[in-house]
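One-letter residues, chain by chain:
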Amino acid sequence: MRWVFRLFTLLLFMLAAAAGAVYFVARSSLPDTDSLDVRVGRPLVAPVEIIRDRHAVPHIRAASRDDTAFGLGYVHAQDRLWQMEINRRIAAGRLAEAFGPDVLETDKFLRTLGIRRQAAASFAALKPETQTYLQAYADGVNAFLSARRGLLPPEFLAFDITPEPWVPADSLGWLKMMAWDLSGNWGSEFARLGLARRLTRPQIEEFFPPYPGDAPISLADLSGLYRQVAAAINIDRLAASLPPQPPEGIGSNNWVIGGRHTVTGAPLLANDPHLGLSSPSLWYFAHMASPHGDVVGATLPGIPGVILGRNNFIAWGFTNTGPDTQDIYIERIAPDNPAHYITPTGSAAFTERVETIKVRGRGNVDITVRETRHGPVISDVYDRAGKLLDSGYVLSFAWTALRDDDTTADAIVGMDTVGNWPAFVDNFRRYVTPQQNIVYADRNGNIGFLAPGLIPVRKPDNDLKGLAPAPGWDDRYDWAGFIPYEDLPRSYNPSSGMVVTANNKIVPDSYPFFLTSEWAEPYRARRIEHLLKERSVHSVESFKQIQGDVVSLMAADLLPLMLAAPLKTAPQNPEITNGRDLLTGWDGTMAAGRPEPLIFAAWYRELTRLVLADELGDAFTSLWRFRPLLMKNILSDTGGQARWCHNVATGRQTTCADLISEALDLALSDLKARYGSDLGRWRWGDAHYADAQHRPFSRVPVLKSLFEVSIPTPGDAYTVDVGRSDPADETAPYANRHAPSLRAIYDLADLNRSQFILSTGQSGHPLSPYYRDQAAAWADVQYIPISANPAEYEAGASGRLILSRR
């Protein structure tokens, strides 16, 4: 026994020593943020000073604008190098090179789109000053790669990756991928194509209801063609090969009010962009100061410039407009020549190129990418055999971001020097994609709103309106140019003294151009407008309360229809009456510490399954969303839509009341299995935790807790403080995966009093004290100041770097 004890002690000692060695090696990869003599190869006008404040936000002071970009590239690489590596590999379609065959399909799709190729091509269209700014940023990234003394971050060591030098096309590629994340029309077009095999045209139109107050949209009946194409191309398999469709209601909140509505008499502006949660956060705060002035706000690691923020004169914030800038075309292959396709004027040859994808553990994979006059052939992604040729059709993809003249970077880089409304409007003339609702405020008391972007014009006889795949051989469906910049939505000093956008409809019915019919539900916008009008004047503190509001107007809208149904006579759960009673007096507040939000969410989830799964069949899971407008129409029997409650799979004439009662019983059974049998101990926050996943270590159980940031949160998909979950995820159907990626409030009375918060922290290294230090404050809707005043940000500074020429 003595020898067993000694061996066991030795084993524990060895394990502890190994863990200590791993920890030491990992610690050695933390960047040096406190050095007064870092020598770099780039010529600098003067040394660049970088002071990190107590929250690790870098304040970059340089003698030229380009040198601030150099400094930003340096600190981005110090703090977020792995994130930048992953991002550029995504854009370039080079994931399989690092991670193997599991991600090959994603690479195929992105190589087919040609994101990286188009990014490189669009560099030539940019202003010379933007080109030099991008290069200065790339030089900053590469200066860190050359100057670093320690090991690379642990992810590089785990996958044996050495980062290549950064180039401007890497930055432009990620800018295009951000546009992809905010452009989701392709998903609904695919859905319409696939649903044609299962539903009638009226059912499809009901499945995609119009925006409240708008007339239903009736599209041309191409169901025969759609069924033929969907069957031949295997649309379900193709859809599974493509990146996931953006979540329902993807977007953000922003609002601005004029001085007559504030305690200071100066405007206030708020912004919280809703994006997928990740560890580290998508965003990175920075302050850059040069003789051109100061610019403070949120940057994207890999891209130079402040995307959302303020300079010395103005503040601005984005939400997604959600326009229809993507179209899928059904191309007919020429029957006498499979290398050609049919156009309105005859046949034309596909253009082709070969892409070579390196695959870790397998070698190289060559794919042939075909393009038509509309764009790349995306149906080639999953199957490159003769089957597609035999079908007689392929699918091509048109998107405004795939143009060589994408000058969006000009507008992003130009914001640091914009000082007034005319300059603001002129700067965004070069903005292409994705279209954004941008609210504006300046220190002179002006407020405004602009929605810039390149938006296709659909022809008057286009009876599909860009909402469904169109025959590529019919020129009715070709784009007829783009909406003139002067005709894009805008407002300057509106009479109401306020502007609110939350991905809701932003144009009146009289607007002469088609932007989209797929606006997000107006629940958030209505709630924000209500809260703004509740007070005669507002302050930074009242804006914080609005950003933290968790009253769900969607729940308040649907719950009365659900409570009206009688309970089952023989439920599986005796607690069913208690569960419903809890909801009877509930006002829709999605508080983290209460059971009512969880019971409602589970009840509604099961109800959507019971109502829709039988009609959709095997397409249900991929199309499982909250769809409150559709569900409200069904439960209130608008236009006879209660027929969706009949079970078409079994032929049973079930009523909506039957399904509502059954759904509550099923929901309680599911919740008891997950959280125990005591309803009073259930908490929404336990189920609705912020799930900020890390690429790729969230998939490694032993590393997940180290790399992934997770914290209980309130809200739902329709509260101002958004927290979207995925009902189709059977493992964690209530986890919060899409939420405010940051919050910011700008006080134009004193811009140094502006408030910010990230969902994680500034660092991308899990052993850094700044990796997750903002997460608890973010969940509690608290903030940190980021001032451009040296006396304020130097107090308690966490690091100081000086970069100078070798």
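Residues numbered from 1 in each chain as written. Predicted model: local features only at pLDDT ≥ 70, side-chain atom pairs only at ≥ 80, totals over all residues. Heavy atoms only, no water.

A. Representation of the overall build of the protein chain. Scanning the protein chain for helices and strands turns up 27 helices and 27 strands. Against the compact-globule benchmark of 28 Å for 806 residues, the protein chain has a radius of gyration of 27 Å, which places it among compact chains. Dimensions of the protein chain, computed from the C-alpha atoms along their principal axes, are close to 80 × 80 × 70 Å. When burial is assessed residue by residue, the protein chain has 61% of its 806 residues classed as buried. Here the protein chain has roughly 30,200 Å² of accessible surface; of this, 54% comes from carbon and sulfur atoms. Charged side chains of the protein chain number 79 positive and 90 negative; the gap between the two group centres comes to 4 Å. (Helix = DSSP H or I, 4+ residues; strand = E, 2+ residues; numbered from the N terminus. Rg over C-alpha atoms; globule rule 2.2 N^0.38 Å. Buried < 20%, exposed > 50% of the residue type's maximum accessible area, 1.4 Å probe, protein only. Areas by Shrake-Rupley, 256 points an atom, 1.4 Å probe, with all protein chains shown as cover. Lys, Arg positive; Asp, Glu negative; His and termini not counted. Charge placed at Lys NZ, Arg CZ, Asp CG, Glu CD.)

B. Spatial organisation of the nonpolar core. Counting residues in each nonpolar core, the largest one holds 181 residues, and the members touching the most others are Trp283, Leu395, Phe424 and Phe428. Of all the elements, helix H2 (residues 65-92) adds the most residues to this core, at twelve residues. Not counting residues up to four positions away in its chain, the partners in contact with Trp283 are Arg80, Pro273, Leu275, Ala298, Thr299, Leu300, Pro301, Ile307, Leu308, Ser741, Leu742 and Leu758. Trp586, Ala601, Cys645 and Ala663 belong to the second largest nonpolar core, which has 56 residues in total. (Core = buried A, V, L, I, M, F, W, Y, C linked by side-chain atoms within 4.5 Å. Contact = heavy atoms within 4.5 Å.)

C. Layout of the sheet that holds strand S18 (residues 470-471). Ordered by their spatial adjacency, three strands build an open sheet running S15-S10-S18, and the pairing between neighbours is mixed. In this open sheet, the two edge strands, each paired with only one partner strand, are strand S15 (393-399) and S18. Pairing between strand S10 (residues 326-332) and S15: seven bridges, direction antiparallel. Bridge pairing in S15 links Tyr329 to Ser396. (Pairing = 2+ DSSP bridges.)

D. Seen up close, the side chain of Ser223. Within the secondary structure, Ser223 is located in helix H11 (residues 223-233). Within the structure, Ser223 has its side chain in polar contact with the side chain of Asp221 (distance 2.7 Å). (Polar contact = N/O pair within 3.5 Å; in protein donor to acceptor, adjacent residues only side chain to side chain.)

E. Molecular detail of the pairing of S10. Among the seven residues of S10, six are classified as buried, and the element is accordingly described as predominantly covered. When S10 meets S18, the two strands line up parallel, connected through two bridges. Bridged to Tyr329 within S18 is Ala470.

F. Inspection of helix H9 (residues 185-195) at higher detail. Judged by how many residues are buried, H9 sits mostly within the fold: eleven of eleven residues are covered. Looking at H9, one finds that the buried residues are Asn185, Trp186, Gly187, Ser188, Glu189, Phe190, Ala191, Arg192, Leu193, Gly194 and Leu195.

G. The arrangement of the sheet that holds strand S19 (residues 490-492) in detail. An order of S1-S27-S2-S3-S6-S7-S8-S9-S16-S17-S19 is seen for the eleven strands of this open sheet, with the pairing classed as mixed. Both edges of this open sheet fall to strand S1 (35-40) and S19, since each of them pairs with a single strand only. The sheet shows a mean angle of 15° between the axes of neighbouring strands, taken without regard to direction. In this structure, strand S3 (residues 58-61) lies alongside strand S6 (residues 284-290), joined through three bridges in parallel fashion. Looking across to S6, one finds that His59 is bridged to His287. Running over the sheet, H2 touches S1, strand S2 (48-52), S3, S6, strand S7 (293-299) and strand S27 (799-805) and is turned about 155° from S6. (Axes fitted to C-alpha atoms, helices over the stretch in contact; angles between N-to-C directions.)

H. Quick peek at the state of the cysteines. Following the criterion strictly, the structure yields one disulfide and no others. Note that Cys645 is cross-linked by a disulfide to Cys656, the S-S spacing being 2.0 Å. What sets the handedness of the Cys645 and Cys656 disulfide is the S-S torsion sign, and at about 95° it is right-handed. Of this pair, Cys645 sits in the loop between helix H22 (628-635) and helix H23 (656-675) while Cys656 sits in helix H23, placing them eleven residues apart in sequence. (Disulfide = S-S within 2.5 Å.)

I. Spotlight on H22. Among the eight residues that make up H22, seven are buried, leaving the element largely enclosed by the rest of the structure. Along H22, the residues classified as buried are Pro628, Leu629, Leu630, Met631, Asn633, Ile634 and Leu635. Its buried side turned inward, H22 meets helix H10 (201-207), helix H16 (523-534), helix H18 (553-563), helix H20 (596-616) and H23. Just downstream of H22, Asp637 is the residue with a positive phi angle, here 60°.

J. Highlighting the confidence of the model for the protein chain. With 94% of its residues at a pLDDT of 70 or more, the protein chain shows a mean pLDDT of 93. Counting interchain partners and residues more than four positions distant, the pLDDT-below-50 stretch residues 13-19 has zero contacts. (pLDDT = per-residue confidence, 0-100.)

K. Seen up close, unusual backbone geometry. The step from Ser279 to Pro280 runs through a cis peptide bond, and the omega angle for that step is 0°. Mapped onto the secondary structure, Pro280 falls in the loop between strand S5 (268-276) and S6. The peptide bond linking Thr433 to Pro434 adopts the cis configuration, its omega dihedral lying at -5°. Considering the arrangement of structural elements, one finds Pro434 in the loop between helix H15 (421-427) and strand S16 (436-442). With a phi close to 70°, Asn503 is a non-glycine residue in the positive phi region.

L. View of the packing of aromatic side chains. Per the counting criterion, the structure on display carries 35 aromatic pairs. Centre to centre, the rings of Trp82 and Phe99 are 6.3 Å apart; their planes meet at 80°, and the pair counts as edge-to-face. Pair noted here: Trp82 is in helix H2 and Phe99 is in helix H3 (residues 96-99), with a separation of 17 residues, a long-range link. A relative accessible area of 6% means that Trp82 is categorised as buried. A residue is classified by how much of its surface remains accessible, and Phe99, at 25% relative accessible area, is partly exposed. Seen in terms of ring centroids, Tyr746 and Phe756 are 5.5 Å apart; in terms of plane orientation they differ by 80°. Their pairing is edge-to-face. Of the two residues, Tyr746 sits in strand S24 (residues 742-747) while Phe756 sits in strand S25 (residues 755-758), which places them ten residues apart along the sequence. Judged on exposure class, the residue Tyr746 and its partner Phe756 are both buried. Put simply, the rings of Phe318, Trp421, Phe424, Phe428, Tyr431, Tyr440 and Tyr492 touch in pairs and so form one group of aromatic residues. Here the basic side chain of Arg65 rests over the ring of Tyr133, its NZ or CZ set 4.8 Å away from the ring centre. (Phe/Tyr/Trp six-rings, centres within 6.5 Å; stacked < 30°, edge-to-face > 60°. Lys NZ or Arg CZ within 6 Å of the ring centre and 35° of its normal.)

M. Seen up close, the pattern of salt bridges. A complete count under the given rule lists 53 salt bridges for this structure. The partner of Asp79 in a salt bridge is Arg52, with the nearest N and O atoms 3.1 Å apart. Note that Asp79 is positioned in helix H2 and Arg52 in strand S2, a separation of 27 residues in sequence. Assigned by exposure class, Asp79 and Arg52 land together as buried. The residue Arg111 makes a salt bridge to Glu355 at a minimum N-O spacing of 3.2 Å. Of this pair, Arg111 sits in helix H4 (residues 104-113) while Glu355 is found in strand S13 (residues 351-359), placing the two residues 244 residues apart along the sequence. Classification of Arg111 as buried rests on a relative accessible area of 11%. Accessibility expressed as a relative area gives 11% for Glu355, which makes it buried. (Salt bridge = Lys/Arg side-chain N within 4 Å of Asp/Glu carboxyl O.)

N. Representation of the packing of H16 against H18 within the structure. Orientation of H16 relative to H18, taken along the N-to-C sense of each, is 115°, at an axis distance of 8 Å. When the axes of H16 and H18 are compared, the pair comes out roughly perpendicular. Where H16 approaches H18, its residues Tyr523, Arg526 and Arg527 are matched on the opposing element by Leu553, Met554, Asp557 and Leu558. Counted by class, the contact of H16 with H18 contains four nonpolar, no polar and three charged residues. (Parallel < 35°, antiparallel > 145°, perpendicular 65-115°, else oblique. Nonpolar A, V, L, I, M, F, W, Y, C, P; charged D, E, K, R; others polar.)

O. Inspection of the environment of Ala96 at higher detail. By secondary structure assignment, the location of Ala96 is in helix H3. Through-space distance from the C-alpha of Ala96 to that of Gly361 is 9.3 Å; in sequence the pair is 265 residues apart. Discounting residues that sit within four places of it in the chain, Ala96 has contacts with Val103, Leu104, Asp107, Ile357, Lys358, Val359 and Arg360.

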